[in-house]
Each structure stands twice: as structure tokens, then as C-alpha cells.
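Structural description and commentary
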Amino acid sequence: MTRREDRRVAIDILYQADVTDGSPVSVVADWRGAGREVPPFAEEVVDGVADKLPDIDLLLETHAEGWTVRRMAALDRTILRVGVYELLWCDDIPTSVAISEAVEAAAELSAADAKGFINGVLGRIARDEGVA
């Protein structure tokens, strides 16, 4: 699997955990129990987002002008969480790649206007956190 495919697995797991109010760790265990592959990078992202979730959501609340995290579409919220994690805690992923991968995920998985929203929020976070 490529990193893009692994990222999509992480998005799927985190989305499932979000909409079912479950633990991402439990969702990973359920996937494995069902014989589904969870690649190492996907698990790293899932664990990282789960570990940093309060910090990530605070950044999203601060930078998503006029939106609360709970008011965001669950899929967009999940893509943003992965994007913020990669921006701030994955030193081997360039800022431009983290943002473009999140925008690409939104283009493929979410509503048409999600791309601009996700690009704008992640761009503001990158700029304000000094990773742009």
C-alpha cells in the first residue's frame, strides 16, 4: 500500500470511531478481528490523532472561522484531524504534502465545497503554527 492508501485507511478508522462514539484503538482491533489490514502508517496516524485529539480540536476551533468542531461534517472533521496531525507531528511529511493530501481526500470523499474549507483551515494552522 502507498502512504495515500494508508492515510485513507486511517481516515476510515477515525471516521468510524467518530460516528460510532467508539475508541479508535477499538476500531483498529475490530478491523483486525475481521481480517482487514491496518498498515503501520495508518495505525501511526490513528494513534497520533487519538493521542493529540484535544490539541487538534482546539486548533480546529481556533482556525475554522465560524465553525465549531462538532458542527463540521464528520468526514471533514476527520480529514482535518489527520491533516493537522501530519502538519504538526509528522516531521517527515512536508507541509505542502499534508495539506494537498487532505484536500485530495476531501475531493474524493466529501462534498464539493469541502476542498476549499479544508485547504483554508489547514493553511491558517500551518501559517500560525510556523510550519508553512
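Residues numbered from 1 in each chain as written. Predicted model: local features only at pLDDT ≥ 70, side-chain atom pairs only at ≥ 80, totals over all residues. Heavy atoms only, no water.

This part takes up helix α4 (residues 74–89). Over its 16 residues, α4 extends 22 Å from the first C-alpha to the last, a length consistent with the 22 Å expected when each residue adds 1.5 Å. Burial analysis of α4 places 14 of its 16 residues in the buried class, which makes it a mostly covered element. (Helix = DSSP H or I, 4+ residues; strand = E, 2+ residues; numbered from the N terminus. Expected span 1.5 Å × (residues − 1). Buried < 20%, exposed > 50% of the residue type's maximum accessible area, 1.4 Å probe, protein only.)

A separate point is the packing of aromatic side chains. For the structure on display, the rule yields two aromatic pairs. Their ring planes at 55° and their centres at 5.6 Å tell us that Trp67 and Phe117 sit as a pair that is tilted. You can see Trp67 sitting in the loop between α3 (40–63) and α4 and its partner Phe117 sitting in helix α6 (residues 114–128), a full 50 residues away along the chain. When its relative accessible area of 32% is taken as the criterion, Trp67 is described as partly exposed. Between Tyr85 and Trp89, the aromatic rings sit 6.2 Å apart at their centres with planes inclined by 25°, giving stacked as the arrangement. Here Tyr85 and its partner Trp89 are both found in helix α4, four residues apart, which amounts to about one turn of the helix. For Tyr85, a relative accessible area of 8% gives the class buried. By relative accessible area, which is 29% here, Trp89 ends up partly exposed. Here the basic side chain of Arg36 rests over the ring of Trp31, its NZ or CZ set 3.6 Å away from the ring centre. When the ring centre of Trp67 is taken as reference, the NZ or CZ atom of Arg71 above it lies at 4.1 Å. (Phe/Tyr/Trp six-rings, centres within 6.5 Å; stacked < 30°, edge-to-face > 60°. Lys NZ or Arg CZ within 6 Å of the ring centre and 35° of its normal.)

Attention now moves to the environment of Ala111. Residue position: Ala111 is located in the loop between α5 (95–109) and α6. On a C-alpha basis, the gap between Ala111 and Ala73 in space is 9.5 Å, while along the polypeptide they are 38 residues apart.

Counted at 1.5 Å a residue, the expected span for α5 with its 15 residues is 21 Å, and the 21 Å between its end C-alpha atoms agrees. When we look at burial in α5, the residues that qualify are Thr95, Ala98, Ile99, Glu101, Ala102, Val103, Ala105 and Ala106. In this fold, the buried residues of α5 make contact with α1 (3–19), α4 and α6. (Contact = heavy atoms within 4.5 Å.)

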